[in-house]
Amino acid sequence: MKTPSILFSFLILALALPCGAQVGNPAPTTKLEGFTQTKAKALGDYVGRALVVEFFAFW
Amino acid sequence: MKHLNELEAKYADKGLSILAVTSEGAAKTEPWIAKHKATYGYAYDRSGSLMRELGGTGYPSAALITPDGMIAWTGHPSGLNDVLIEKALEGALKKPVWDWPSQAKPVVSALAKKKYAKAISTARKLALKSQDEELDAIGNAIEAMVKSKVLAARKKFNEGDFLGAKTMTKALQKQLKGLPEVDEIKAIAAEIKANPEASKIIKAQKTLKKVRSEIPDAKRRKHVDVLIKKAKSAVKKLSDTFANISAEKLLQTLRARRAKLK
């Protein structure tokens, strides 16, 4: 069943395409939990650093 | 996400931090991190609200945040390139604040509030009192950050990005209060005001920004067509301007979206 998985991957990619809607605005300060492999405890701790945030799932 | 390990290895010393965020639980995440030998930081957002607030609508997606907490880019991770990252690294602190000495806490607090004069003077005072060279280095790093902000505002003005320059100078006049660099910021603001083309270009840029913000809501071709019309109309008499270049990029995005819709 290769076709459905290819289609699914394409759909995910299409949905995640850049829309730039938020560019130029202040980044949210949403509270995250369980910071691991970093000494940061909150998004605010990255002050002064450029930050790449990547959202991922396992499926 | 091997690319994140690579990004961290390449740019961490230059001021880049990496944070992977998942809405999954630790039971699934930790084995995955171990299996993929991920070395970067990660955190949990079970509600997925950060991704939504950053405009992400699917996995994977990513965002690039500047050292002063502004969103520089959002999109699919494959679109994140060295040019974007290196631009965002301008003025970034090479050492994260969590590695600063504990007595620098008031400096961090001033920095978080974007009170740069206070941050620098506090670092200097603490350095003098404790004779700690690291605190002096922190003061220098914040000064470099300030200088880079001024250069960035000047660059925007020189490129004809009047909206970007205006937005920056407005914010920086407050943030740099008490520092000599504020004079250069005021000079840029005055030049924008004196430029006869600037107000027309700013108006067009605002329209383009609005169109850009409406893209996620355009679910059908006819909606995208309306946005294309608005974008074209905004820059109708503004050929060879920054607004026109922005409009061309926006139109490419709109056409690509249109091709995927019914």
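Residues numbered from 1 in each chain as written. Chains lettered and ligands numbered in written order. Predicted model: local features only at pLDDT ≥ 70, side-chain atom pairs only at ≥ 80, totals over all residues.

Quick look at the pairing of strand β2 (residues 41–44) of chain B
Pairing of strand β1 (residues 33–36) of chain A with β2 of chain B involves two bridges; the strand directions are antiparallel. Among the inter-strand pairings, E33 of chain A is bridged to a residue of β2 of chain B, identified as Y44 of chain B. Two strands pair when backbone bridges link them, and strand β1 (residues 16–22) of chain B and β2 of chain B are joined in this way by four bridges, in the parallel orientation. Along β2 of chain B, the bridge assignment pairs L19 of chain B with G41 of chain B. Of the crossover connections in this fold, the one passing from β1 of chain B over helix α2 (residues 26–35) of chain B to the parallel β2 of chain B is right-handed. (Pairing = 2+ DSSP bridges. Helix = DSSP H or I, 4+ residues; strand = E, 2+ residues; numbered from the N terminus. Right-handed = clockwise from strand over helix to strand, strands pointing away.)

A short note on the interface of chain B and chain A
Facing the 68 residues of chain B at the interface are 42 residues of chain A. When grouped by side-chain class, the residues that make up the side of chain B that touches chain A number 44 nonpolar, 18 polar and six charged. By the bridge criterion, seven bridges tie strand β2 (residues 50–56) of chain A to β1 of chain B in an arrangement that is parallel. Residue pairing across strands places L51 of chain A opposite S17 of chain B, the latter belonging to β1 of chain B. (Contact = placed C-beta atoms within 7 Å. Nonpolar A, V, L, I, M, F, W, Y, C, P; charged D, E, K, R; others polar.)

Things to note about unusual backbone geometry
All names here are of chain B. Each neighbour pair has its own omega, and for Y59 with P60 the value is -10°, a cis peptide bond. Relative to the helices and strands, P60 resides in the loop between α3 (49–53) and β3 (61–65). In the Ramachandran plot, K37 falls in the positive-phi region, its phi being about 50° despite a non-glycine side chain. Mapped onto the fold, K37 is located in the loop between α2 and β2.

Everything listed is a geometric property; what it means functionally is a separate question.
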